[in-house]
Amino acid sequence: ATPTALLVGTGRGAQLGILIKGPEVLESTRRIDTVVLDKTGTVTTGRMALAEVHTVDGVDADEMLRLAGALENASEHPIAQAIARGAAERVGALPAVEGFTNIEGLGVQGIVDGHAVLVGRTALLEDWSQRLTPELAKTKAAAEARGKTAVAVAWDGQARGVLVVADTVKPTSAEAIAQLRKLGLTPVLLTGDNEAVAKAVAAEVSIDEVIAEVLPQDKVDVVKRLQAQGRVVAMVGDGVNDAAALAQADLGLAMGTGTDVAIEASDLTLVRGDLRVAADAIRLSRRTLRTIK
Ligand code: ADP
Ligand code: MG
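Residues numbered from 1 in each chain as written. Chains lettered and ligands numbered in written order. Predicted model: local features only at pLDDT ≥ 70, side-chain atom pairs only at ≥ 80, totals over all residues.

Peer 1: Could you clarify how one ought to interpret the overall build of the protein in this entry?
Peer 2: Per the secondary structure count, the protein includes 13 helices and 13 strands. Here the protein holds 293 residues, and 45% of them are scored as buried. Counting only contacts in the protein whose residues sit at least 6 apart along the sequence, the fraction spanning at least 24 positions is 59%. (Helix = DSSP H or I, 4+ residues; strand = E, 2+ residues; numbered from the N terminus. Buried ≥ 20, exposed ≤ 12 C-beta atoms within 10 Å, placed from the backbone. Contact = placed C-beta atoms within 7 Å.)

Written out as structure tokens, the structure reads:
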């Protein structure tokens, strides 16, 4: 390989938002057949968003979002921010709150449009002698069984609904995975999260192979195990927990939005935090190699 051609390749990489540690990295991309993808922060945003709105009969979902959203808008909690953002997107400007109180570890309360509103755990409602209807309790339990966070909403002495917040798949992830497949690579989803959540995310982006409930320190062993099966593995990750696995992989790709430790352990850094750039990176490296040979 001529050094000049390799440098041209890496320069083009920088334009695409890919930082390549050394030209020798390009060589290892040729034999890759498997791409292990970390879930949270890589395939998903790693940020909570409002995912579901459930109300009892006779309660308008937008009305509930106005009241609950207004209340949560006054709180800094990640659950509260997700609800306030989701509510504002759906119903527009949120009304003002009077007498806002944050009850640490339980939820929030306050007066919105003359209604005494509670948002939080079932225990918060019980403190006010309010109970979820059996139907809402079932909805809440089902969401929690899928690994999501569900909070209750009540006003004027009655439980009215349940809001579900969850981490969400990045809008570019499904296309990125389709592109990786087109390059002949098999995607594998790797996560410490529970099986139900992992499978739901995998289904959303069309990944068949899921390895869930892996402790942070065991991610590197998963990569070793795949390599022992004769697979040549690229790993894409963003977190501190991914550093050892990124270093063990035949090719380590770090999300530029991730931690310094992950970036340090990787061969390639994807500056934009967009998974499609992983496919770009592999395509570019292969093309650069072809030019050289
Ligand atoms: P964690 O243990 O995950 O840090 P917290 O102790 O902050 O969570 O809160 C525990 C639970 O209390 C949350 O899972 C949620 O059910 C409820 N909660 C706390 N704050 C809020 C809020 N602002 N809005 C809705 N629910 C809340
Ligand atoms: Mg906390």
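Peer 1: Even after reading the chapter, I still don't get the domain arrangement of the protein, so can you show me in this structure?
Peer 2: Domain boundaries assigned for the protein yield domain 1 (3-45 + 169-292) and domain 2 (46-167). Each partner contributes residues to the interface: domain 1 has nine residues there, and domain 2 has six residues. Only helix 3 (39-43), strand 3 (44-55) and helix 9 (195-205) provide two or more residues apiece to the side of domain 1 that touches domain 2. Counting residues per element, the side of domain 1 that touches domain 2 draws most heavily on helix 9, at three residues. (Domains from an automatic or database assignment.)

Peer 1: Quick question: what am I supposed to make of the sheet that holds strand 3 here?
Peer 2: Within a sheet, neighbouring strands are paired by backbone hydrogen bonds and run either parallel or antiparallel to one another. Pairing is antiparallel in the open sheet, where six strands are placed in the order 3-8-7-6-5-4. Looking at which strands have only one partner, the edges of the open sheet turn out to be strand 3 and strand 4 (97-103). Averaged over all adjacent pairs, the angle separating strand axes in this sheet is 20°, with direction ignored. Against the sheet, helix 4 (residues 61-72) makes contact with strand 3, strand 4, strand 5 (107-112), strand 6 (115-120), strand 7 (149-155) and strand 8 (158-169), and its axis sits at roughly 80° relative to strand 6, the strand it touches most. (Pairing = 2+ DSSP bridges. Axes fitted to C-alpha atoms, helices over the stretch in contact; angles between N-to-C directions.)

Peer 1: Sorry if this is basic, but what is going on with helix 8 (residues 173-182) here?
Peer 2: Two residues of an α-helix separated by three or four positions point the same way, owing to the 3.6 residues in each turn. Those residues of helix 8 not exposed but buried are Ser173, Ala176, Ile177 and Leu180. Down the axis, helix 8 shows its buried residues gathered within 95° of arc, on one side only. Where helix 8 terminates, the next one or two residues include Gly184, which has phi positive at roughly 85°. (Arc of directions from axis to C-beta.)

Peer 1: When you look at the site of ligand 1 in this model, what are you seeing that I'm missing?
Peer 2: Ligand 1 sits among 14 residues. The nearest are His77, Ala80, Gly105, Gly107 and Gly120. Taken together, the elements giving at least two residues each to the shell around ligand 1 come down to helix 5 (78-91), strand 5, strand 6 and strand 7. Along the lines of polarity and charge, the residues of the shell around ligand 1 split into six nonpolar, six polar and two charged. (Near = placed C-beta within 6 Å. Nonpolar A, V, L, I, M, F, W, Y, C, P; charged D, E, K, R; others polar.)

Peer 1: What exactly am I supposed to notice about the nonpolar core here?
Peer 2: Generally speaking, a soluble globular protein has its nonpolar side chains buried in company with each other. In this structure, Val36, Leu189, Ala234, Met235, Ala249, Leu253 and Ala278 are the most contacted members of the largest nonpolar core, which totals 47 residues. Ranked by residue count, the leading element in this core is helix 13 (residues 276-292), at six residues. Ignoring any residue separated from it by four or fewer positions in sequence, one finds Ala278 in contact with Ala176, Leu180, Val236, Leu253 and Leu270. Core analysis: the second largest hydrophobic core is formed by 38 residues, Leu65, Val97, Val108 and Leu132 among them. (Core = buried A, V, L, I, M, F, W, Y, C linked by C-beta atoms within 7 Å.)

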